[in-house]
Amino acid sequence: FAKRLSGSRRGYVVRTEPLCWCGSASRPRPVGEAMLPLAVHPEPSISRERILDALKSVGRPHRIAVVSSSVLVIHAAIMAGLGVGAFTGYAIPEGMARLDEDLPDLGVMEYVIDRQPALTDAAEALERVLVDAAREL
């Protein structure tokens, strides 16, 4: 079970979800801040790539304020107002809010099953559980 970039042929899609800009629910960013501060995962990261490509496409100045491989650290940084990030709707925790300001569209995230052509019975059962869970979110 993995995320993939649009246009990739990796795996088969079991769920798509819009990627949303997120910021702190309790600490608004200063109005008119020239450089958009970002809280992102290190490379390689699909959401990081989407964020940077979207900002580049509209010429929006930005700076990477926080980098962590831990989603909990990214959540904490955003909730503390240190930067903004991007998550799919189901992954936005309490304390974080979608940003409706003038930010470029991030598109949709594709979640896929990427597997070997032949699977054991146990692996096939796990795949069915993952697909069902992804479609129920």
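Everything that follows concerns the structure shown earlier in this document.
The residue numbering used here restarts from 1 in each chain and proceeds along that chain's sequence as written. A pLDDT threshold of at least 70 governs which residues receive local features in this predicted model, and a stricter bar of 80 or more applies before side-chain atom pairs are shown or counted, although totals over entire chains, interfaces and linings include all residues. Values shown for side chains rest on all heavy atoms present in the structure; no hydrogens or waters enter the calculation.

Here the focus is helix H3 (residues 121–136). Here H3 is 16 residues long and its end C-alpha atoms lie 23 Å apart, about the 22 Å a rise of 1.5 Å per residue gives. Any residue under 20% of the maximum accessible area for its type is buried, any over 50% is exposed, and the rest in between are partly exposed; the area is computed with a 1.4 Å probe on protein chains only. Numbering goes from the N terminus for both helices and strands, where a helix is a DSSP run of H or I of at least four residues and a strand is a run of E of at least two. Within the sequence span of H3, burial applies to Glu127, Val131 and Ala134. Taken around the axis of H3, the buried residues stretch over an arc of 70 degrees, which confines them to a single face. In H3, the exposed positions angled more than 90 degrees off the buried face are occupied by Asp121, Ala122, Arg128, Val129 and Glu136. Multiplying 1.5 Å by the residue count of a helix minus one yields the expected span of that helix. Our arc is simply the arc of the directions from the helix axis toward the C-beta atoms.

What follows concerns the pairing of strand E5 (residues 85–88). Side chains Gly85 and Phe87 project from E5 onto one buried face, and the interleaved Ala86 and Thr88 project onto a second face that is buried too. Two strands are said to pair when DSSP picks up at least two bridges between them. Bridge analysis of strand E2 (residues 12–24) against E5 gives four bridges, and the strand direction is antiparallel. From the neighbouring strand, Trp21 faces E5, where its bridge partner is Ala86.

The next thing to look at is empty space enclosed by the protein. Lining residues are defined by having an atom within 4 Å of a point belonging to a cavity or pocket. Those points lie on a 1 Å grid over the protein atoms alone, cavities being sets where a 1.4 Å probe fits but cannot get out and pockets being open sets with protein on both sides within 12 Å along at least five of seven lines. Grid points are joined across faces, edges and corners, and a volume is the space filled by probe spheres set on the points. The tally for this structure, following the rule as stated, stands at one cavity of 30 Å³ or more. Taken as a whole, the largest cavity encloses approximately 60 Å³ of empty space. Considering the residues around the largest cavity, the lining is formed by Ala39, Val40, His41, Ser45, Ser47, Arg48, Ile51, Ile74, Gly85, Ala86 and Phe87. Contributing elements (two or more residues each) for the lining of the largest cavity: strand E3 (36–40), helix H1 (46–58) and E5. Split by residue class, the lining of the largest cavity holds six nonpolar, four polar and one charged. By the convention adopted, Pro, Cys, Tyr, Trp, Phe, Met, Ile, Leu, Val and Ala count as nonpolar, Lys, Arg, Asp and Glu as charged, and the other residues, Gly among them, as polar.

Moving on, we get to a nonpolar patch on the surface. A cluster of nonpolar side chains, namely Leu126, Val129 and Leu130, defines an oily patch on the protein surface of about 250 Å² accessible area. Looking at where Leu126 falls in the secondary structure, it is placed in helix H3. Patch construction takes residues with relative accessible area above 30% that form no salt bridge. Like charges are linked within 9 Å, and nonpolar side chains (Val, Leu, Ile, Met, Phe, Trp, Tyr) are linked within 5 Å. Using a 1.4 Å probe, accessible areas were evaluated by the Shrake-Rupley method; residue-level cover was limited to the displayed protein chains. For salt bridges, the criterion is a side-chain nitrogen of Lys or Arg within 4 Å of an Asp or Glu carboxyl oxygen.

With that settled, the discussion passes to unusual backbone geometry. A cis amide bond links Glu43 with the next residue in sequence, Pro44, at an omega value of -10 degrees. Mapped onto the elements of the fold, Pro44 is located in the loop between E3 and H1.

Time to look at helix H2 (residues 71–79). Buried within H2 are the following residues: Ile74, His75, Ala77 and Ile78. Each buried residue of H2 lies within a common arc of 165 degrees when the element is viewed along its axis, so the set occupies one face. Contacts from the buried residues of H2 go to E2, E3, strand E4 (62–67), E5 and strand E6 (96–98). Polar contacts, as used here, are pairs of N or O atoms within 3.5 Å; protein pairs need one atom able to donate a hydrogen and one able to accept it. Residues neighboring in sequence count only if both atoms are side-chain atoms. The backbone nitrogen of Leu72 lies 3.2 Å from a side-chain oxygen of the residue at the head of H2, namely Ser70. Once H2 finishes, Gly81 follows within two positions and takes phi at roughly 85 degrees, a positive value. Whether two residues are in contact is decided by their heavy atoms: any pair within 4.5 Å suffices.

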